[in-house]
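Summary of the model geometry
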Amino acid sequence: MSSVSLENVSKRFQGADLAVDDVSLIVNDREFLVLVGPSGCGKSTTLRLIAGLERCTSGTIRIGDRVVNDVIPKDRNIAMVFQNYALYPHMSVYNNLSFGLRLRFGGGIVNRGIRRLLKPGQAAELSKLRSGIDQQVRQTAERLGIDHLLNRKPHQLSGGERQRVALGRAIVRDPAAFLFDEPLSNLDAKLRQKMRVELKRLHQEMQATMIYVTHDQVEAMTLGDRVAVMNGGKILQIDTPLAIYDRPANLFVAQFIGSVPINLQSGVLKNNGATVRFQNDWLNMELESKFGPKAGADTRSVVLGFRAEDVRLGEGFRAPIRGTVTAIDRLGDMTHVHVSLTDEPRARMFDAPENKDNDNLNIAPRATGMLVARTSSNDPVETGQTVALTIDPERILWFDADSGKNISKD
Ligand code: ATP
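An account of the accompanying structure is given in this report. Residue numbers restart at each chain and count upward from 1, following the sequence in its written direction. Where totals are concerned, whole chains, interfaces and linings use all residues; where local detail is concerned, this predicted model gives features only for residues with pLDDT of at least 70, and gives and counts side-chain atom pairs only at 80 or more. No hydrogens and no water enter the side-chain calculation; it runs on all heavy atoms of the structure.

1. Quick look at the site of the ligand
Convention followed: The rule for a residue being near a molecule or strand is that one of its heavy atoms must lie within 4 Å of it. Any pair of N or O atoms that falls within 3.5 Å is considered a polar contact. Within protein, one atom must be able to donate a hydrogen and the other to accept it, and sequence-neighbouring residues count only if both atoms are side-chain atoms. The accessible surface values rely on the Shrake-Rupley method and a 1.4 Å probe; as for residues, cover is taken only from the protein chains in view. Only runs of H or I of at least four residues qualify as helices and only runs of E of at least two qualify as strands under DSSP, and these elements are numbered from the N terminus. The classification used treats Ala, Val, Leu, Ile, Met, Phe, Trp, Tyr, Cys and Pro as nonpolar, Asp, Glu, Lys and Arg as charged, and all other residues, Gly among them, as polar.
Neighbouring the ligand are Phe13, Ala19, Pro38, Ser39, Gly40, Cys41, Gly42, Lys43, Ser44, Thr45 and Glu182. The contact in question runs from an oxygen atom of the ligand to an N or O atom on the side chain of Ser39, over 2.6 Å. Ser44 places a side-chain nitrogen or oxygen 2.8 Å from an oxygen atom of the ligand. For the ligand, the accessible surface in isolation is 640 Å², of which the surrounding protein chains cover 55%. The element contributing the most residues to the shell around the ligand is helix H1 (residues 43-51), with 3 residues. Split by residue class, the shell around the ligand holds 4 nonpolar, 5 polar and 2 charged.

2. Overview of helix H5 (residues 133-143)
The condition is simple: Each residue's exposure class comes from its accessible area (1.4 Å probe, protein chains only) as a fraction of the maximum for that residue type: buried when under 20%, exposed when over 50%, partly exposed otherwise. In this description, one arc is meant: the one made by directions from the helix axis to the C-beta atoms.
Within the sequence span of H5, burial applies to Ile133, Val137, Thr140 and Ala141. Axial view of H5: buried residues confined to an arc of 100°, hence all on one face. Counted as exposed and oriented over 90 degrees from the buried face of H5: Gln135 and Glu142. Count one or two residues on from H5 and you reach Gly145, which has phi positive near 70°.

3. Section: the sheet that holds strand S5 (residues 66-67)
Note the following rule: Strands are treated as partners if at least two bridges between them are detected by DSSP.
Pairing is antiparallel across the open sheet formed by 4 strands, whose spatial order is S2-S1-S4-S5. Sheet topology places strand S2 (18-27) and S5 at the edges, where each strand pairs with a single neighbour. Here strand S1 (residues 4-12) runs beside strand S4 (residues 58-63); their pairing, made up of 5 bridges, is antiparallel. Bridging across to S4, Ser10 finds its partner in Ser58.

Treat this as a map of the structure, not an account of what it does.
Next up, the structure:
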């Protein structure tokens, strides 16, 4: 396996804005890196540049130590798995798996002519490699649990089985690195989850370098050793999933990552020396300075952020914030409680957790007196109830209201 690196790589399609804008990243040997971001952010183009399916406008791409800018796709020794499987419909599963190897090792009618031009030593070497194809195909099929399907054609397979064949076709080639372009998007939610676990197991077993593109942040968080969050052709943050969740670099990343949107409150922060005070129309909180943001002006516009699991909810303890429960989502293993901090109960804070495909995630959110708290599944909380709330001060994040940058202390 090999590392893959991009150095100041940009791609501009004719007559369009930059699709990939000065991207630099190193995918370490045997690492699983996920590129995640909303539709149109440039993640597929980045992957296609690595595969050689697009030429970069500027920058350097390396696979291992070799600069591959001018190397054609088939000589990059990279395997790519697509969302639409891209199987040969007229071939059996066996032939789909073996086709690439047969071509490479001089099988087939066309290659038979070429073989005649080889020196005897080369021809013998290729012949040895060809005789190993059958074993490679059967081992790969067994590894993916599709060995009983080898005689079927793609149209006789379920979506999950087809995706396994597509995976198998990549694995059997033993490439320097695997590239995945949303390979699980055509599968239903349950199968997607199952395939995620299998992919993770495969990665561990094969110790392979894998680069995986998705717009699904859950997939990114569960699969990646590291995750690169992209928007507008740029990488905004690249780090481990937990570091990105806990310490997002800016408002965009904070809002994009997390299956329940992060709670955000725009307001003014005043530094009073030993304490800081955050205020907006609904919140008036005093915190010890150690929980405040990095040093800055004594009074400044900020966005306060905290996750649903960092809000404690309930009567019976001294809590500085009070609100009215407007909606409750009982999910079985946990409950999300939507709380209005204003007197008039409002609509719930968000419609759907997945509703994140917009470009405005890096600007300060419109002021709203709503927040979401996560409680246990058997919390007896009811709609209309007045509740007391505390926010864990250690988990509070601060963002600059103008730039969207995270200004929390490290
Ligand atoms: P999605 O998740 O929707 O596939 P993406 O993040 O993978 O999105 P890309 O496919 O990389 O995004 O596209 C990035 C930008 O480049 C988009 O604005 C897209 O319209 C543009 N683009 C992609 N391919 C081409 C092309 N062949 N010609 C012109 N513009 C293109």
